[in-house]
Amino acid sequence: MATTPRSSLAGNAEAGLSIVVPVYNEAPGLPQLHGRISAVAGELRARWGLSCEVVYVDDGSRDASLDVAHSLPADAVDVQVVSLSRNFGKEAALLAGLEYARRGAVLFIDGDGQHPPALIEKLVGHWLDDGYDVVYTAKAHRENEPTLLRLAVKAFYSLINWGARQKIPEDAGDFRLLSPRAAAALRQMPERNRFFKGLASWIGFRQFRVDYEPAPRTHGRTSWNLGSLIGLSVEGLTSFSVAPLRLASLLGTLLAASALVFSIWILIETFVYEHTVPGYPSIIIGIMVIGGVQLLMIGVMGEYIGKVLSELKHRPIYFVAEHTVKRAQDESGATDGVARDAAE
């Protein structure tokens, strides 16, 4: 009985490739990034006959990012510009790009230029030539990062993978390629609270890791700060893993066991050694410890209850204010190459 080649399972070049670029205040660097992506798209077409498009998702930028995106030429690729009605966050922008992508395979790349577009051809090769469904990138090392940050990242992945059925590779980023069937699987995920890295790992299929060195930012400053990273970590933990609940149960068990040991020791000191145990300090410490742990556990449960409430409300994850499509074959300076949609 004949077997189907692995590359056929993942898809082929006829499906095409949509390159999704979430944008937030990246106006100065967009023209250069678009030029590099267009050059890579030409190489993909020459090597595999792969048709490409770029989907820029403006996540409520406060600078001229939207105007710059509209001005980008569709010389080698079709250009879509999806403008969200406000800043909904990167996860919402990634979903919008996924849902508006018109080609079969989907590749996600950041708009700050730190994800090298030259690596796109390598990712596509692992999809088309090797038959992988998910080709993701990860930082080759974190030697240039502060020790505290490296430890925090390691602790985060250890904790989230402790409570997850499908493990998330450490240091995996959002720069990844999904084959047509992997992209279709990700579109079927109905949840409102999304953690893209976790969902892309959870769908399974054949996955391959590519290490890379992030390029330095060529303009501006990153919008990520300590608060943003902590918020993303909490969002990822509570939306993808039950690890905090398991940790709460473990902490409660340890506290109960400690209380039992302490009680036995007090009984021994009282009846065996006939020592009088001071009551006030032990009572106050016990109340403070138990009260603190209870408040912590209530907070953890509150995060999950909040997620459940959000899912029950079933609000849209994002709203689109404007959507335009510029087709490469129509790019001749005429306005009939641009299709513009009103807010949906």
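In this numbering scheme, every chain counts its residues from 1 along its sequence in written order. Totals for whole chains, interfaces and linings use every residue, but because this is a predicted model, local features are given only for residues with pLDDT of at least 70 and side-chain atom pairs only at 80 or more, for both listing and counting. The basis for every side-chain value is the complete set of non-hydrogen atoms in the structure, without hydrogens or water.

1. Quick look at the nonpolar core
Grouped together as the largest cluster of nonpolar side chains are 40 residues, with contacts concentrated most on L17, Y56 and V124. Beyond its immediate sequence surroundings of up to four residues, L17 is in contact with L44, L50, S51, C52, E53, R103, A105, V106, L107, V124 and L177. We define a nonpolar core as any set of buried Ala, Val, Leu, Ile, Met, Phe, Trp, Tyr and Cys residues linked to one another through side-chain atoms lying within 4.5 Å. Three labels apply to residues, based on accessible area from a 1.4 Å probe with only protein chains included: buried if under 20% of the type maximum, exposed if over 50%, partly exposed otherwise in between. F88, A96, L178 and I203 belong to the second largest nonpolar core, which has 29 residues in total. What makes two residues a contact is simply this: any of their non-hydrogen atoms within 4.5 Å.

2. Some remarks on unusual backbone geometry
Residue N25 is not a glycine yet carries a positive backbone phi of 55°. Secondary structure elements are defined from DSSP: runs of H or I of at least 4 residues count as helices, runs of E of at least 2 residues count as strands, and each element is numbered from the N terminus. Take N25: it is sitting in the loop between strand 1 (17-23) and helix 2 (30-48). Overall, N25 belongs to the partly exposed group, its relative accessible area being 26%.

3. A few points about the side chain of S38
Along the chain, S38 falls in helix 2. Ignoring any residue separated from it by four or fewer positions in sequence, one finds S38 in contact with D75, A76 and V77.

4. A short note on the packing of aromatic side chains
Note on aromatic pairs: each is described by the distance of the centres and the angle between the planes. To pair, rings of Phe, Tyr and Trp, with the six-membered ring standing in for Trp, must have centres within 6.5 Å; the planes then decide the type, stacked if under 30 degrees apart, edge-to-face if over 60, and tilted in the middle. Under the counting rule described, the total for this entry stands at two aromatic pairs. Ring plane angle 65° and centroid distance 4.8 Å describe the contact between F108 and F196, whose orientation is recorded as edge-to-face. Residue F108 is found in strand 4 (residues 105-108), and its partner F196 is found in helix 8 (residues 196-202); the two are separated by 88 residues along the sequence. Across the pair, exposure class does not vary: F108 and F196 are buried alike. Their ring planes at 40° and their centres at 4.9 Å tell us that Y132 and F208 sit as a pair that is tilted. Separated by 76 residues along the polypeptide, Y132 in the loop between helix 5 (120-128) and strand 5 (134-139) and F208 in strand 7 (residues 207-212) bring together distant segments of the chain.

5. A short note on the confidence of the model for the protein
A score between 0 and 100, pLDDT records how confident the predictor is in each residue. Averaged over all residues, the pLDDT of the protein is 75; the fraction at 70 or higher stands at 70%. Segment residues 330-337: pLDDT under 50, and eight contacts once partners within four positions in sequence are set aside and those in other chains are kept.

6. Quick look at the pairing of strand 4
On strand 4, burial covers both faces: A105 and L107 on one face and V106 and F108 on the other are all buried. In the sheet, strand 1 pairs with strand 4 via four bridges, with the strands oriented parallel. The residue bridging I19 from the neighbouring strand is L107, located in strand 4. Two strands make a pair as long as DSSP finds a minimum of two bridges between them.

7. Quick word on the pattern of salt bridges
For side chains of opposite charge, pairing can occur when their charged atoms come near one another. A pairing counts as a salt bridge when a side-chain nitrogen of Lys or Arg comes within 4 Å of a carboxyl oxygen of Asp or Glu. Applying the stated criterion to the full structure yields eight salt bridges. As a salt-bridge pair, R47 and D129 come within 3.6 Å of each other at their nearest N and O atoms. Here R47, found in helix 2, pairs with D129, found in the loop between helix 5 and strand 5; they are 82 residues apart in sequence, far enough to count as distant. Residue classification places D129 among the partly exposed residues on the basis of a relative accessible area of 43%. In this structure, D133 and R181 form a salt bridge, with 2.7 Å as the shortest nitrogen-oxygen distance. Highlighted residues: D133 in the loop between helix 5 and strand 5 and R181 in helix 7 (residues 180-187), separated in sequence by 48 residues.

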